[in-house]
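The lines below spell out each chain.
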Amino acid sequence: MADAARTTYLLVDGENIDATLGTSILGRRPRPEERPRWERLLQFARDQWDQPAQGLFFLAANSELPMTFVQALLAIGYRPIPLSGAPGQKVVDIAIQRTLTELRTREADVVLVSNDGDFVEEVGELLDGRRVGLVGFVEFRNHAFSQLVELGLETFDLEYDVLAFNERLPRVRVIAIDEFDPAQFL
């Protein structure tokens, strides 16, 4: 019997991405059309390492389940993970940390979608020869992840590498001179 294809687990910290997009980039709550196209992210994970990807989308759902969003996630191939906990408990972070720890016991690759430094230790422990990626907004990524790049962590920008948005975001970032296009500023 042939071996099953290796899997990439795509762990999405949707709260972190949404908060960064709203607070730090747009300065307001993002409208639905301004949010990432999550199906593009899942396809990016498949294409990046040329293997199947399983998307796990972590949601804080303390009071109610956002059924429309959950159904949309299911329709595009994600496995929604709605969580609840005590007031003030960071249920999404706790669940992602536990999932990253569990993935150490499996032959799989991992892509984490977050800018949050709460995952640096667990991501570092996964850099044991497997492929590990981090997707987020480069200018808002926790700097502690930089140390992991030399250990093999691959980093990707949600807008520029994944192409997850329909329109250009109003971001201010350092631009490598080889990527500078003056037409974008005129």
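Please read these numbers as outputs of a predicted model, since none were measured by experiment. (Residues numbered from 1 in each chain as written. Predicted model: local features only at pLDDT ≥ 70, side-chain atom pairs only at ≥ 80, totals over all residues. Heavy atoms only, no water.)

Attention now moves to a nonpolar patch on the surface. A surface patch of nonpolar side chains, about 360 Å² in accessible area, is lined by Ile177, Phe180 and Phe185. Inspection of the secondary structure puts Phe185 in the segment after β6 (154-157). Accessibility expressed as a relative area gives 52% for Phe185, which makes it exposed. (Patch = residues over 30% accessible without salt bridge, like charges linked within 9 Å, V, L, I, M, F, W, Y side chains within 5 Å. Areas by Shrake-Rupley, 256 points an atom, 1.4 Å probe, with all protein chains shown as cover. Salt bridge = Lys/Arg side-chain N within 4 Å of Asp/Glu carboxyl O. Helix = DSSP H or I, 4+ residues; strand = E, 2+ residues; numbered from the N terminus. Buried < 20%, exposed > 50% of the residue type's maximum accessible area, 1.4 Å probe, protein only.)

A separate point is the packing of aromatic side chains. The geometry of an aromatic ring pair comes down to the distance between the two centres and the angle between the two planes. Applying the stated criterion across every chain yields a total of five aromatic pairs. Pairing Phe44 with Phe156 gives two aromatic rings, centres 5.1 Å apart and planes at 75°, and the pair type is edge-to-face. Of this pair, Phe44 sits in helix α2 (residues 38-49) while Phe156 sits in strand β6; the two residues are 112 residues apart in sequence, bridging distant segments of the chain. Owing to a relative accessible area of 14%, Phe44 belongs among the buried residues under this scheme. Consider the rings of Phe57 and Phe69, whose centres lie 5.3 Å apart with planes at 80°: the pair is edge-to-face. Taken together, the residues Phe57 in strand β2 (residues 53-60) and Phe69 in helix α3 (residues 67-75) connect sequence positions 12 residues apart. (Phe/Tyr/Trp six-rings, centres within 6.5 Å; stacked < 30°, edge-to-face > 60°.)

Turning to helix α4 (residues 91-103), a few remarks are in order. For α4, spanning 13 residues, the distance from its first C-alpha to its last is 18 Å, which sits close to the expected 18 Å at 1.5 Å a residue. Those residues of α4 that sit buried are Val91, Val92, Asp93, Ala95, Ile96, Thr99, Leu100 and Leu103. Taken together, the buried residues of α4 touch β1 (8-13), α1 (14-26), β2, β3 (78-83), β4 (109-113) and α5 (120-126). (Expected span 1.5 Å × (residues − 1). Contact = heavy atoms within 4.5 Å.)

Another aspect to go through is the environment of Gln43. Mapping Gln43 onto the fold places it in helix α2. Take Gln43: its relative accessible area is 36%, and that puts it in the partly exposed class. Distance from Gln43 to Gly55, taken between C-alpha atoms, is 9.8 Å for residues 12 residues apart in sequence. Among the polar contacts made by the side chain of Gln43, one reaches the side chain of Asp47 at a distance of 2.8 Å. (Polar contact = N/O pair within 3.5 Å; in protein donor to acceptor, adjacent residues only side chain to side chain.)

Attention now moves to the sheet that holds strand β5 (residues 132-136). Strand pairing within a sheet occurs via backbone hydrogen bonds; the two strands may be parallel or antiparallel. Strand order across the open sheet formed by six strands is β3-β2-β1-β4-β5-β6, with parallel pairing between neighbours. Each having just a single partner strand, β3 and β6 make up the two edges of the open sheet. Mean inter-strand twist for the sheet, computed between neighbouring axes without regard to direction, equals 20°. Across four bridges, the pairing between β5 and β6 is parallel. Across the sheet, Gly133 pairs through a bridge with Glu154, a residue of β6. Contacts between α2 and the sheet are confined to β1, β2, β3, β4, β5 and β6, with β1 contributing the most and set at about 150° to the helix. On the sheet, α4 packs against β1, β2, β3 and β4 and is oriented at approximately 165° with respect to β1. (Pairing = 2+ DSSP bridges. Axes fitted to C-alpha atoms, helices over the stretch in contact; angles between N-to-C directions.)

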